[in-house]
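# Observations on the three-dimensional arrangement
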Amino acid sequence: MSWEGIALGLFSLGIIGFGFFWVIRMEYYLGYLWWPYPMALGILFILVSFFIGNEGWSALLGITGGSFIWGATELKEQAVRAELGWFKYNPRRKPDPPGLRWIKKIKAPHL
Amino acid sequence: MLQFAGFWMAMVTFLGIWWGHVGVRWLEAHSPNIWPPIVVLALSGVALNGFSLFAPNLTLAGVSSILGITLMWDALEMYRQQQRVLKKHAPANPDNPRHAAYLAAGKAITEDLLDREPQGTPDVPSAPQRVEFCRATYERREVEA
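Worth saying up front: this structure is predicted, and the values here are computed from it rather than measured.

### A few points about the interface of chain B and chain A
On the chain A side, the residues contacting the 50 residues of chain B number 45 residues. Where chain B touches chain A, the interface holds three salt bridges. As a salt-bridge pair, Arg25(B) and Glu77(A) come within 3.8 Å of each other at their nearest N and O atoms. The tally of links between chain B and chain A comes to 14 residue pairs in polar contact (both at pLDDT 80 or more). The element contributing the most residues to the side of chain B that touches chain A is helix α1 (residues 5-30) of chain B, with 12 residues.

### Structural notes on the packing of helix α3 (residues 58-86) of chain B against helix α4 (residues 97-104) of chain B
All names here are of chain B. At a closest axis distance of 11 Å, the pairing of α3 and α4 adopts a crossing angle of 30°. When the axes of α3 and α4 are compared, the pair comes out roughly parallel. As α3 runs across α4, the sense of the crossing is right-handed. Across the interface between the two elements, Gln82, Val85 and Leu86 of α3 pack against Arg98, His99 and Tyr102 of α4. A class-by-class count of the residues in the contact of α3 with α4 yields three nonpolar, two polar and one charged.

### Digging into the nonpolar core
Ranked by internal contacts, the top residues of the largest apolar core, which has 17 residues, are Trp22(A), Met26(A), Tyr32(A), Trp35(A), Met39(A), Ile46(A) and Leu75(A). Contributions of two or more residues to this core are made by α1 (4-29), α2 (36-49) and α3 (55-83) of chain A. The greatest single-element share of this core, amounting to five residues, is contributed by α3(A). Residues contacting Tyr32(A), with those up to four places away along its chain left out, are Glu27(A), Leu75(A), Lys76(A), Ala79(A), Ala108(A) and Pro118(B).

### Quick notes on the layout of surface pockets
In this model, the largest pocket occupies a volume close to 1,100 Å³. Phe20(A), Arg81(A), His21(B), Glu77(B) and Arg84(B) are, among the 41 residues lining the largest pocket, the residues nearest its centre. Going through the elements one at a time, α1 and α3 of chain A together with α1 and α3 of chain B are the ones with two or more residues in the lining of the largest pocket. Among the residues making up the lining of the largest pocket, the classes are represented as 18 nonpolar, 11 polar and 12 charged. If you add up the space inside the second largest pocket, you get close to 570 Å³. In terms of lining, the second largest pocket is formed by 30 residues, of which the most central are Gly31(A), Tyr32(A), Leu33(A), Lys94(A) and Gly120(B). Secondary structure elements with two or more residues in the lining of the second largest pocket: α3 and α4 (100-103) of chain A together with α5 (127-144) of chain B. Residues belonging to the lining of the second largest pocket are distributed by class as follows: 16 nonpolar, five polar and nine charged.

### Some words on the packing of aromatic side chains
Inspection of every chain in the model, using the stated rule, returns 10 aromatic pairs over all chains. For the ring pair Phe20(A) and Trp70(A), a centre distance of 5.2 Å and an interplane angle of 70° mean the geometry is edge-to-face. Remark: Trp70(A) occurs in helix α3 and Phe20(A) occurs in helix α1; sequence separation between them is 50 residues. What makes Phe20(A) partly exposed here is its relative accessible area of 39%. Consider the rings of Phe4(B) and Phe7(B), whose centres lie 6.5 Å apart with planes at 90°: the pair is edge-to-face. A residue is classified by how much of its surface remains accessible, and Phe4(B), at 41% relative accessible area, is partly exposed. Residue classification places Phe7(B) among the partly exposed positions, given a relative accessible area of 25%. One aromatic cluster is present, formed by Phe50(A), Phe4(B), Phe7(B) and Trp8(B) through successive ring pairs. The ring of Tyr89(A) has Lys94(A) sitting right over it, with the charged end atom 5.7 Å from the ring centre. Here the basic side chain of Arg101(A) rests over the ring of Trp102(A), its NZ or CZ set 4.7 Å away from the ring centre.

What counts and what doesn't
- Residues numbered from 1 in each chain as written.
- Chains lettered and ligands numbered in written order.
- Predicted model: local features only at pLDDT ≥ 70, side-chain atom pairs only at ≥ 80, totals over all residues.
- Heavy atoms only, no water.
- Contact = heavy atoms within 4.5 Å.
- Salt bridge = Lys/Arg side-chain N within 4 Å of Asp/Glu carboxyl O.
- Polar contact = N/O pair within 3.5 Å; in protein donor to acceptor, adjacent residues only side chain to side chain.
- Helix = DSSP H or I, 4+ residues; strand = E, 2+ residues; numbered from the N terminus.
- Axes fitted to C-alpha atoms, helices over the stretch in contact; angles between N-to-C directions.
- Parallel < 35°, antiparallel > 145°, perpendicular 65-115°, else oblique.
- Left-handed = near helix turned anticlockwise from the far one by under 90°.
- Nonpolar A, V, L, I, M, F, W, Y, C, P; charged D, E, K, R; others polar.
- Core = buried A, V, L, I, M, F, W, Y, C linked by side-chain atoms within 4.5 Å.
- Buried < 20%, exposed > 50% of the residue type's maximum accessible area, 1.4 Å probe, protein only.
- 1 Å grid on protein atoms, 1.4 Å probe; cavity = no way out; pocket = protein on both sides within 12 Å on 5 of 7 lines; lining within 4 Å.
- Points joined across faces, edges and corners; volume = space filled by probe spheres on them.
- Phe/Tyr/Trp six-rings, centres within 6.5 Å; stacked < 30°, edge-to-face > 60°.
- Lys NZ or Arg CZ within 6 Å of the ring centre and 35° of its normal.

Pasting the structure below:
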């Protein structure tokens, strides 16, 4: 009997929970237009996981990468939730992400 | 040699969350009674976690446990989704007798309020939000001028 699989499952639960936290914060302070950056970070984590020799560390990196990609898709809906008053709305001007012109040409993904 | 464990974990994490969003919404909207799917999801989650204890390798153990834990969470999300429908935060399905009863009682709506692009302004700002929004707009215009 091996508990490592359950440990990975619990880690995924924790990282998804952390995802809810950072999505709310990131949308509040930076705005949903920053979505390509957590998505790129998630893809980077997954790419790096291919080159980690240890199966366990590779798995942890993969789970983190997958959850960051999901978080990126959640930012747009979070912005709408804040506008609807379901979450705290930040009225201050949010900083423009680098590459805003290109980001605006792509429709922000959501699940 | 490439290590694929991370890739499979990433796939199952993302697909688990995707199902937790899209699948749970669909299942809740089409189930006349939410308890049978809740029981099935919870038991499937327990079974997958049980399997992960005896899986022949770490990748299979991790994949089955991640899927199992997300399915157990989805069982809870089924109930939370029903509450979202009752709070008018999620659309009701008029073809579902349970939702039809909510609609008849004026407790739910069919419109999906989240299905739109962000506008950049609050829809119904509270009084403090209105004051803060006006102040921030004024400051922004001062800076731009």
